[in-house]
Amino acid sequence: MKTTHLQALALALVGTMAHPVLAQSQAGQEDDHSAHHGAAATPPASAASPGAAQADPHAGHGAPATPAAAPATPASTPPMDHGDMQMQGGSTPADARDPNAYSDGLVRGAGAYAVPGVPALSLADEHRFGALLVDRLERSYANHGGNATAYDMQGWFGRDFDKAVLKAEGDVAGGKLHDARMELLWGHAITPYWDTQLGLRYDTGTGPDRGWLAFGVQGLAPYWFDVEATGYVDNGGRTALRLAASYDLLLTQRFILQPRAEAQLYGKSDPERDIGNGLSNATLGLRLRYEFSRQFAPYIGVERSGSFGKTADLVRASGERAQETRWVAGVRFWF
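Each chain carries its own residue numbering, running from 1 in the written order of its sequence. Residue-level local features of this predicted model are given only where pLDDT is at least 70; pairs of side-chain atoms are given and counted only at 80 or more, and the full residue set underlies all totals for whole chains, interfaces and linings. Side-chain numbers here rest on the full set of heavy atoms in the structure, without hydrogens or water.

K.L.:
Please provide a residue-by-residue account of a nonpolar patch on the surface, values included.
P.N.:
A surface patch of nonpolar side chains, amounting to about 610 Å² of accessible area, comprises Trp 186, Leu 198, Leu 200, Leu 213, Phe 215 and Val 233. Of all the secondary-structure elements, those providing two or more residues to the nonpolar patch are strand E5 (194-205) and strand E6 (210-221). The helix and strand labels rest on DSSP assignments: H or I over at least four residues marks a helix, E over at least two residues marks a strand, and numbering proceeds from the N terminus. Locating Trp 186 in the fold gives a position in strand E4 (residues 176-191). Overall, Trp 186 belongs to the partly exposed group, its relative accessible area being 44%. Put simply, a patch holds well-exposed residues, over 30% relative accessible area, that have no salt bridge, with like charges counted together within 9 Å and Val, Leu, Ile, Met, Phe, Trp or Tyr side chains within 5 Å. Residue exposure ignores everything except the shown protein chains as possible cover, and the areas themselves are Shrake-Rupley values with a 1.4 Å probe. The term salt bridge refers to a pairing of a side-chain nitrogen on Lys or Arg with a carboxyl oxygen on Asp or Glu at a separation within 4 Å. With a 1.4 Å probe rolled over the protein chains alone, any residue whose accessible area is under 20% of its type maximum counts as buried; one over 50% counts as exposed, and the rest are partly exposed.

K.L.:
How would you sum up the pairing of strand E2 (residues 148-158)? Please name residues and give values.
P.N.:
Sheet topology note: the strand E1 (residues 129-142)/E2 ladder contains eleven bridges and is antiparallel. When the sheet's bridge partners are listed, Ser 140 is paired in E2 with Ala 148. Relative to strand E3 (residues 162-173), E2 is paired through ten bridges, and the arrangement is antiparallel. The partner of Trp 156 across the bridge, within E3, is Val 165. Note on pairing: two strands pair once DSSP finds at least 2 bridges between them. Connecting the antiparallel pair E2 and E3 is a turn made up of three residues.

K.L.:
Describe the pairing of strand E12 (residues 296-307), with residues and values.
P.N.:
It is a general feature of regular strands that their side chains alternate between the two faces of the sheet. Two strands pair when backbone bridges link them, and strand E11 (residues 278-290) and E12 are joined in this way by nine bridges, in the antiparallel orientation. If you follow Asn 281 over to E12, its bridge partner there is Ser 307. As consecutive antiparallel partners, E11 and E12 are separated by five residues. Relative to strand E13 (residues 323-334), E12 is paired through eleven bridges, and the arrangement is antiparallel. If you follow Val 302 over to E13, its bridge partner there is Trp 327.

K.L.:
Tell me about the pattern of salt bridges, residues and numbers included.
P.N.:
Taken as a whole and judged by the stated rule, the model has 27 salt bridges. Between Lys 167 and Glu 228 there is a salt bridge whose closest N-O contact spans 2.9 Å. With Lys 167 in strand E3 and Glu 228 in strand E7 (residues 225-234), this pair connects stretches of sequence that are 61 residues apart. Residue Lys 167 shares its accessibility class with Glu 228, and that shared class is buried. In this structure, the salt-bridge partner of Asp 313 is Arg 316, at a minimum N-O distance of 3.3 Å. One end of the pair, Asp 313, and the other, Arg 316, are both in helix H4 (residues 309-317), three residues apart, so they sit about a helical turn from each other.

K.L.:
With reference to specific residues and values, describe the nonpolar core.
P.N.:
Put simply, buried Ala, Val, Leu, Ile, Met, Phe, Trp, Tyr and Cys residues joined by side-chain atoms within 4.5 Å make one nonpolar core. In terms of nonpolar packing, the biggest core is built from eight residues, these being Val 165, Leu 185, Trp 212, Ala 214, Tyr 232, Ala 240, Tyr 266 and Ile 275. Look past the residues within four positions of Leu 185 in its chain and what remains in contact with it is Lys 163, Ala 164, Val 165, Lys 167, Gln 197, Leu 198, Gly 199, Leu 200 and Ala 214. The contact criterion used throughout is that any non-hydrogen atoms of two residues lie within 4.5 Å.

K.L.:
So what about the side chain of Arg 210? Which residues, and what values?
P.N.:
Of note, Arg 210 is situated in strand E6. Using a relative accessible area of 12% as the deciding quantity, one classes Arg 210 as buried. Here the side chain of Arg 210 touches Glu 272 through a polar contact of 3.1 Å, side chain to side chain. Arg 210 has contacts with Arg 201, Tyr 202, Asp 203, Arg 238, Asp 270, Glu 272 and Arg 273, leaving out every residue within four places of it along the chain. In the analysis that follows, any N or O atom pair within 3.5 Å is treated as a polar contact, provided that within protein one partner can donate a hydrogen and the other can accept it, and provided that, for residues neighboring in sequence, both atoms belong to side chains.

K.L.:
Can you tell me about the packing of aromatic side chains, naming the residues and giving the values?
P.N.:
Any two of the Phe, Tyr and Trp rings considered here, Trp counted by its six-membered ring, make a pair once their centres fall within 6.5 Å; the pair's planes then place it as stacked at under 30 degrees, edge-to-face at over 60, or tilted in between. Throughout the structure, instances matching the rule amount to six aromatic pairs. A centroid spacing of 6.3 Å and a plane angle of 70° characterise the contact between Trp 212 and Tyr 232, whose relative ring orientation is edge-to-face. Of this pair, Trp 212 sits in strand E6 while Tyr 232 is found in strand E7, placing the two residues 20 residues apart along the sequence. Side by side, Trp 212 and Tyr 232 carry an identical accessibility label, which is buried. Every member of this aromatic cluster is reached through a ring pair, and the members are Phe 255, Tyr 290, Phe 292 and Phe 296. The rule is short: NZ of Lys or CZ of Arg within 6 Å of the ring centre and within 35 degrees of the ring normal puts a charge over the ring. For the cation-ring pair, Lys 163 lies above Trp 156, with the distance from its terminal atom to the ring centre recorded as 5.4 Å. Arg 201 extends its terminal NZ or CZ atom over the ring of Tyr 232, reaching a point 4.4 Å from the ring centre.

K.L.:
Quick rundown of the environment of Thr 230? Include the residues and the values.
P.N.:
With respect to the helices and strands, Thr 230 occurs in strand E7. Of the residues examined, Thr 230 reaches a relative accessible area of 3% and is grouped as buried. In this structure the C-alpha to C-alpha distance between Thr 230 and Ala 240, which are ten residues apart in sequence, comes to 8.4 Å. Apart from residues lying up to four places away in sequence, Thr 230 is in contact with Glu 183, Ala 214, Phe 215, Gly 216, Ala 240, Leu 241 and Arg 242.

K.L.:
For H4, give the residues involved together with the corresponding values.
P.N.:
Of the positions making up H4, those classed as buried are Thr 311, Ala 312 and Val 315. Taken end-on, H4 shows its buried residues confined to a sector of 100°, consistent with a single buried face. Immediately downstream of H4, the backbone of Gly 319 shows phi near 90°, a positive value. This arc is built from the directions going out from the helix axis to the C-beta atoms.

Written as structure tokens, this is what we have:
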């Protein structure tokens with residue numbers, strides 16, 4: 001019985017001592033949660049309070065404050081009108097700079113520094129130049145006789161874009177002019193390497209003379225081929241086409257091998273001049289020249305020429321050979 005009372009008294013004593021501790025622990029837990037929720041919901045005091053900026057000691061160190069308002073435009077100044085402004089044209093302003101001020105008013109060809117009798121300066125394409133090229137002046141020797149002297153020359157005079165061109169080609173055999181062609185053309189540059197040519201051609205030699213209206217092109221084709229292509233029409237309704245091409249192959253700086261080809265075609269036969277329609281004749285030649293200077297060069301070579309079609313028949317009928325090989329020796333020069 002005494003034991004029971006003692007146990008009850010001990011439990012009462014323990015309960016009395018534990019109650020304040022438990023109460024204090026429960027109160028601390030309630031304070032922690034209240035702090036967590038309160039930090040998220042409560043704004044910073046400096047942002048929320050308008051008086052915080054006044055309390056900041058560095059508030060006066062920032063950029064100067066914007067003036068409260070710009071000076072007002074005087075009421076008497078009228079607004080700018082852009083409707084009458086012109087960016088191009090119009091009258092020259094009264095105070096514009098004199099364009100001759102840099103030369104003190106002097107102009108070309110007059111004034112204190114002008115030289116009497118000297119024409120005004122001309123640009124490059126305003127000068128006139130001339131040249132004469134004798135491309136072939138040779139003696140030919142055939143295996144079956146018929147030796148002849150042949151010439152082929154071309155001269156021109158004029159400016160870069162327009163010039164007068166003279167061409168002459170022919171051969172003399174037995175002291176007689178066998179065949180000759182002369183052309184007087186107006187050459188006009190259409191590209192840096194090509195000219196159109198328009199003019200007249202006149203044929204003499206065997207048979208009656210013939211006159212032609214000529215139109216063609218001449219120039220330097222890609223890979224440095226010299227090319228001529230000219231068409232002709234005469235007053236008798238005849239037509240003709242002449243094609244020629246050559247190439248300078250530099251074996252050395254002075255030895256130059258030149259292959260050359262020429263062909264002539266006719267639209268109508270002309271028996272009086274031993275010419276048949278179609279491909280009349282063609283020539284292939286190979287010449288080797290040595291240039292003592294660019295303006296003077298002797299040469300030797302070989303040439304194969306032939307007549308074809310009706311022209312060959314007319315040539316045989318006259319007692320000549322339709323095809324032959326000739327050895328040539330001559331000189332090429334220009335000035």
